[in-house]
Amino acid sequence: MANSEQLRQNKEQHKPKNTKSKKDDKEIYAAMRDCIKYLESRFKNILDNHYLTFEKEISFESLISFPQKIGLRKEFDNTFGSRTIKPDGGIIFLKNHDDPEYLQIILISEVKRQGTNKQRMAEGKAKQAQGNAIERLGKNLAGIRAALNHEPITPFVCFGSGCDFVEDYDQNAFVMSKVAMMNEFYPLNKTFVFKKDGSSDKNFYAPVSMYFREEEWTASEMLDILKEVGETALRFYIF
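*Asks:* How do you make sense of the pattern of salt bridges when you look at a structure like this?
*Replies:* Here the idea is simple: oppositely charged side chains can pair when their charged atoms come close. One pass over the full model with this rule turns up 12 salt bridges. In this structure, the salt-bridge partner of Lys-112 is Glu-110, at a minimum N-O distance of 3.6 Å. Classification of Lys-112 by relative accessible area gives buried; the value is 8%. Salt bridges sharing partners connect three or more residues here, namely Lys-23, Asp-24, Arg-113 and Glu-216.

Right, here's the structure in full:
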């Protein structure tokens, strides 16, 4: 069991990360709010009875409902239906005034920061174990892929920053190998919305837009990518 001194050190070493993560959350929320304004303005004469909402979470029950309502699957574990996932950037939904059951996911976004060892080494401190931001991302992504398995699109974007995320990675980049596998071995730092490389008698792959680098992301940088993914998804559902 960790003693009180070890617990104190653990708490102290996570303070900078938590402060920066809160800043990341604010940036991605600002970008998502600007994105929904952009979509509403660009499609204002086309949406008709459709409208967009921006929400912080989605329940397991709602995720299950996507394949359930089209009869794609018959077996579900509904034990945890009331639990939710809360993507860092929230979710943009497409709804319909005439049909309260109509619900489509237009955009989901996450922002992850991982890696403090450069800062710790500069301060003369020992390295610490690499964090688990990627594992938390993987959990949410698994649920989203299950919900949208039947759809041709997976409008999900994640922005990662920190010294564990290197843009010019090679085979020795341990954390980036996890990210690459999570994206089904498709390239990172590239926009994917539609599923890839399947056919009527084979499963499709579902790469998503995963942008990772050491430098932190600004709201304006994220907005450019979010607009592309969100507009592609919205066009798919309303045209």
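*Asks:* What's the story with the nonpolar core in this structure? I'm lost.
*Replies:* Ile-92, Leu-94, Ile-106, Leu-107, Phe-159, Leu-226 and Leu-234 are the most contacted members of the largest nonpolar core, which has 32 residues in total. If you list the elements that add at least two residues to this core, you get helix H1 (4–42), strand E1 (50–55), strand E4 (91–96), strand E5 (99–113), strand E6 (156–161) and helix H6 (219–238). In terms of residues, this core owes the most to one element, H6, which gives 10 residues. Excluding anything up to four places from it in sequence, Ile-92 contacts Met-32, Cys-35, Ile-36, Leu-52, Thr-53, Phe-54, Gln-104, Ile-105, Ile-106 and Leu-107. Within the second largest apolar cluster, 27 residues are counted, among which are Ile-58, Phe-66, Ala-173 and Met-210.

*Asks:* Before we go on, may I ask you to explain the packing of helix H2 (residues 60–69) against helix H4 (residues 133–147) in this structure?
*Replies:* Any two packed helices are characterised by the angle at which their axes cross and by the distance between the axes. Taken N-terminus to C-terminus, the directions of H2 and H4 make an angle of 25°; their axes are 8 Å apart at the nearest point. Classified by the angle their axes make, H2 and H4 are roughly parallel. When H2 is examined against H4, the residues Leu-63, Phe-66 and Pro-67 are found in contact with a partner set consisting of Gly-143, Ala-146 and Ala-147. Residues of the contact of H2 with H4, tallied by class, amount to five nonpolar, one polar and no charged.

*Asks:* How should the layout of surface pockets be read in this particular structure?
*Replies:* Each pocket or cavity is described by its volume, and for the largest pocket that value is around 260 Å³. Every residue lining the largest pocket is counted, 14 residues in all, and those nearest its centre are Phe-60, Leu-63, Ile-64, Gly-143 and Ala-146. When residues in the lining of the largest pocket are grouped by element, the largest group, five residues, is from H4. Looking at the lining of the largest pocket, its residues break down into 10 nonpolar, one polar and three charged.

*Asks:* Would you take a moment to explain the confidence of the model for the protein for this structure?
*Replies:* Interpretation of this model should avoid reading the predicted coordinates in detail wherever pLDDT is low. Averaged over the protein, the pLDDT score is 88; the fraction of residues at 70 or greater is 86%. Confidence drops under a pLDDT of 50 for residues 1–14, and excluding neighbours within four residues, the segment shows five contacts in the predicted structure. Below pLDDT 50 for its whole length, residues 120–130 participates in 14 contacts with residues either more than four positions away or in separate chains.

*Asks:* Got a minute to help me understand a negative patch on the surface in this structure?
*Replies:* A cluster of acidic residues, Glu-167, Asp-168, Asp-170 and Glu-215, forms a negative patch on the protein surface. In this structure, Glu-215 sits in the loop between strand E7 (209–212) and H6. Looking at Glu-215, the relative accessible area reads 48%, which means it is partly exposed.

Basis of the calculations
Residues numbered from 1 in each chain as written. Predicted model: local features only at pLDDT ≥ 70, side-chain atom pairs only at ≥ 80, totals over all residues. Heavy atoms only, no water. Salt bridge = Lys/Arg side-chain N within 4 Å of Asp/Glu carboxyl O. Buried < 20%, exposed > 50% of the residue type's maximum accessible area, 1.4 Å probe, protein only. Core = buried A, V, L, I, M, F, W, Y, C linked by side-chain atoms within 4.5 Å. Helix = DSSP H or I, 4+ residues; strand = E, 2+ residues; numbered from the N terminus. Contact = heavy atoms within 4.5 Å. Axes fitted to C-alpha atoms, helices over the stretch in contact; angles between N-to-C directions. Parallel < 35°, antiparallel > 145°, perpendicular 65-115°, else oblique. Nonpolar A, V, L, I, M, F, W, Y, C, P; charged D, E, K, R; others polar. 1 Å grid on protein atoms, 1.4 Å probe; cavity = no way out; pocket = protein on both sides within 12 Å on 5 of 7 lines; lining within 4 Å. Points joined across faces, edges and corners; volume = space filled by probe spheres on them. pLDDT = per-residue confidence, 0-100. Patch = residues over 30% accessible without salt bridge, like charges linked within 9 Å, V, L, I, M, F, W, Y side chains within 5 Å. Areas by Shrake-Rupley, 256 points an atom, 1.4 Å probe, with all protein chains shown as cover. Lys, Arg positive; Asp, Glu negative; His and termini not counted. Charge placed at Lys NZ, Arg CZ, Asp CG, Glu CD.

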